[in-house]
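# Fold and geometry: a report
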Amino acid sequence: MSETIERLKTLIIGSGPAGYTAAIYAARADLKPVMYTGMEPGGQLTTTTEVDNFPGYPEGIDGPTMMVQLQQQAERFGTEVRIGMVTACELSTEVGGIHKVTVDSGKTIEAETVIISTGATAKYLGIPSEQRLRGGGVSACAVCDGFFYKGQDVAIVGAGDTAAEEASYLANICNKVTMLVRKDHMRASKAMQHRVNSLKNIEVRYNTEVDEVLGDQVVEGLRMVNNKTGKKEDIEITGLFIAIGHKPNTDIFKGQLDMDETGYLITEGKSTKTNLPGVFASGDAQDKEYRQAVTAAGTGCMAALDAERYLASIGSVEEAVADNYNL
Ligand SMILES: Cc1cc2nc3c(=O)[nH]c(=O)nc-3n(C[C@H](O)[C@H](O)[C@H](O)COP(=O)(O)OP(=O)(O)OC[C@H]3O[C@@H](n4cnc5c(N)ncnc54)[C@H](O)[C@@H]3O)c2cc1C
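Cut-offs applied
- Residues numbered from 1 in each chain as written.
- Predicted model: local features only at pLDDT ≥ 70, side-chain atom pairs only at ≥ 80, totals over all residues.
- Heavy atoms only, no water.
- Disulfide = S-S within 2.5 Å.
- Buried < 20%, exposed > 50% of the residue type's maximum accessible area, 1.4 Å probe, protein only.
- Pairing = 2+ DSSP bridges.
- Helix = DSSP H or I, 4+ residues; strand = E, 2+ residues; numbered from the N terminus.
- Axes fitted to C-alpha atoms, helices over the stretch in contact; angles between N-to-C directions.
- Parallel < 35°, antiparallel > 145°, perpendicular 65-115°, else oblique.
- Left-handed = near helix turned anticlockwise from the far one by under 90°.
- Contact = heavy atoms within 4.5 Å.
- Nonpolar A, V, L, I, M, F, W, Y, C, P; charged D, E, K, R; others polar.
- UniProt positions renumbered as here; feature names shortened; annotations may be inferred.
- Salt bridge = Lys/Arg side-chain N within 4 Å of Asp/Glu carboxyl O.
- Near = heavy atom within 4 Å.
- Polar contact = N/O pair within 3.5 Å; in protein donor to acceptor, adjacent residues only side chain to side chain.

Here the focus is the state of the cysteines. Under the criterion given, the structure shown has one disulfide. Unpaired in terms of disulfides, Cys-174 finds its nearest cysteine sulfur in Cys-141, a separation of 13 Å. Residue class for Cys-174 comes out buried when judged on its relative accessible area of 6%.

Attention now goes to the sheet that holds strand β13 (residues 221–226). Spatial strand order, β12-β13-β14: three strands in an open sheet with antiparallel pairing. In the strand order of this sheet, the two ends are held by β12 (208–214) and β14 (232–236), each with one partner. Strand-to-strand twist in this sheet, taken as the mean axis angle between neighbours without regard to direction, amounts to 30 degrees. Note that β12 and β13 share six bridges and pair antiparallel. Following the sheet pairing, Thr-208 is matched in β13 by Asn-226.

The subject of this paragraph is the packing of helix α5 (residues 161–173) against helix α6 (residues 190–198). Following both chains from N to C, one finds α5 and α6 inclined at 30 degrees, their axes separated by 9 Å at the closest point. One way to sum up the angle between α5 and α6 is to call them roughly parallel. Taken as a pair, α5 and α6 cross one another with a handedness that is left-handed. Contacts between α5 and α6 involve Asp-161, Ala-164, Glu-165 and Ser-168 on the former and, on the latter, Met-192, Arg-195 and Val-196. Looking at side-chain class alone, the contact of α5 with α6 contains three nonpolar, one polar and three charged residues.

Where helix α1 (residues 17–28) meets helix α2 (residues 63–76), the closest approach of the two axes is 8 Å, and the angle between their N-to-C directions is 20 degrees. Here α2 runs roughly parallel to α1, going by the angle between their axes. Crossing of α1 against α2: the hand is left-handed. In this structure, α1 contributes Pro-17, Tyr-20, Ala-23, Ile-24 and Ala-27 to the contact, and α2 contributes Met-67, Leu-70, Gln-71, Gln-73 and Ala-74.

Our next topic: the sheet that holds strand β8 (residues 138–139). The strand order β8-β15-β9-β10-β11 describes an open sheet built from five strands, whose pairing is parallel. One side of each edge strand has no neighbouring strand; the edge strands of this open sheet are β8 and β11 (202–205). α5 rests against β9 (153–157), β10 (176–180), β11 and β15 (239–242) of the sheet, and its axis sits at about 165 degrees to β10.

It is worth spelling out the UniProt feature "domain: FAD/NAD(P)-binding" (unreviewed entry) in the protein at this point. As annotated by UniProt and renumbered to match this structure, "domain: FAD/NAD(P)-binding" (unreviewed entry) occupies residues 9–300. Annotated as 22% helix and 27% strand, the span residues 9–300 places its first and last C-alpha atoms 16 Å apart.

We now examine the pattern of salt bridges. Under the definition given, this model contains 14 salt bridges. A salt bridge links Asp-260 to Lys-288; the shortest N-O distance between them is 2.8 Å. With Asp-260 in the loop between β16 (246–248) and β17 (279–281) and Lys-288 in the loop between β17 and α7 (293–313), this residue pair connects regions lying 28 residues apart in the sequence. Taking the relative accessible area as the measure of exposure, Lys-288 reaches 39% and is therefore partly exposed. Taken together, the shared-partner salt bridges in this structure form one network comprising Lys-176, Glu-203, Arg-205 and Glu-233.

This next bit is on the site of the ligand. Taken together, 34 residues form the shell around the ligand, and within it Thr-37, Glu-40, Gln-44, Asp-284 and Ala-293 come nearest. One of the side-chain nitrogen or oxygen atoms of Gln-292 is found 3.1 Å away from an oxygen atom of the ligand. The contact in question runs from an oxygen atom of the ligand to an N or O atom on the backbone of Ala-293, over 2.8 Å. Breaking the shell around the ligand down by element, the ones donating at least two residues are α1 and α7. For the shell around the ligand, the per-class residue count stands at 14 nonpolar, 16 polar and four charged.

Structure follows, in structure tokens:
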């Protein structure tokens, strides 16, 4: 570890809805939080144009604007937002211990509590036409964007439980859903496969992959290729959903924090407590089930309250505000 530059009560890693909500609560509780934004200030929502399902925006809002507003709200109460990437950490295993976090492979920060809100990254196929049309009809979130394709024909790529669930979700909204499965069978559970197969407007294409997403500014169609025969086929669609998984951004905590086989951080019961005292996890980094802005914000709030209670329990702050609410 390099030279220590400061000691904080609360360090927040990540600037998505979870991080900013944690910051609002921590700052209002006078924990003087410092946030490091990471490489994607504002998080995943900065990659989307329309957010229609976050409460409080009756007309909807575009993702980047919403995240600027969350930052302003966090700064209003004294959060210090810094551009920087956490590259390593030495987390204490002791109650009341000091956690050491390295930023940008240089300076070291010491913190009594650390709130992790590093999110997750949706996996994409990586082909040029898909990347070009991201936000123009290519989406990695059916629950977020399916509504915009009401009554239209769409396709979804994936074979696991999430893909099957998202295909079923889309089938309720869209006219027709073509589901592309790379192998000759799905990975999804039997129950989920049954659900997909029982929906008349889902057509499952096995041994089928995306060859090219068609369209200039927006998705207009899909060129599929059968990986057994090499035969290509075009269909008309307006939306393509990629459901091949997410990768939680938690590599820097490997070996120190408990995580599942994919890397999602494991938290205790209904709290945001990790296996180490004073370290709390919120948002998509610890949630593989819901992965929504509002649920991320909810756990960000919880993490700040958990951090405050912890600091009170070790005598670092006088009284937890959370206890004033009889929480
Ligand atoms: C295209 C798209 C559209 C979506 N639309 C909607 C929608 O309409 N409604 C909805 O509710 N949800 C939507 N979602 C899901 C929503 O964006 C996520 O559930 C939410 O952003 C998760 O918030 P988070 O705070 O956990 O993490 P994220 O938003 O993923 O933010 C993670 C943050 O951590 C930072 N970070 C990562 N690693 C480090 C590090 N080592 N050091 C410092 N910082 C780090 C990143 O820079 C980033 O700021 C959408 C997602 C996508 C991809």
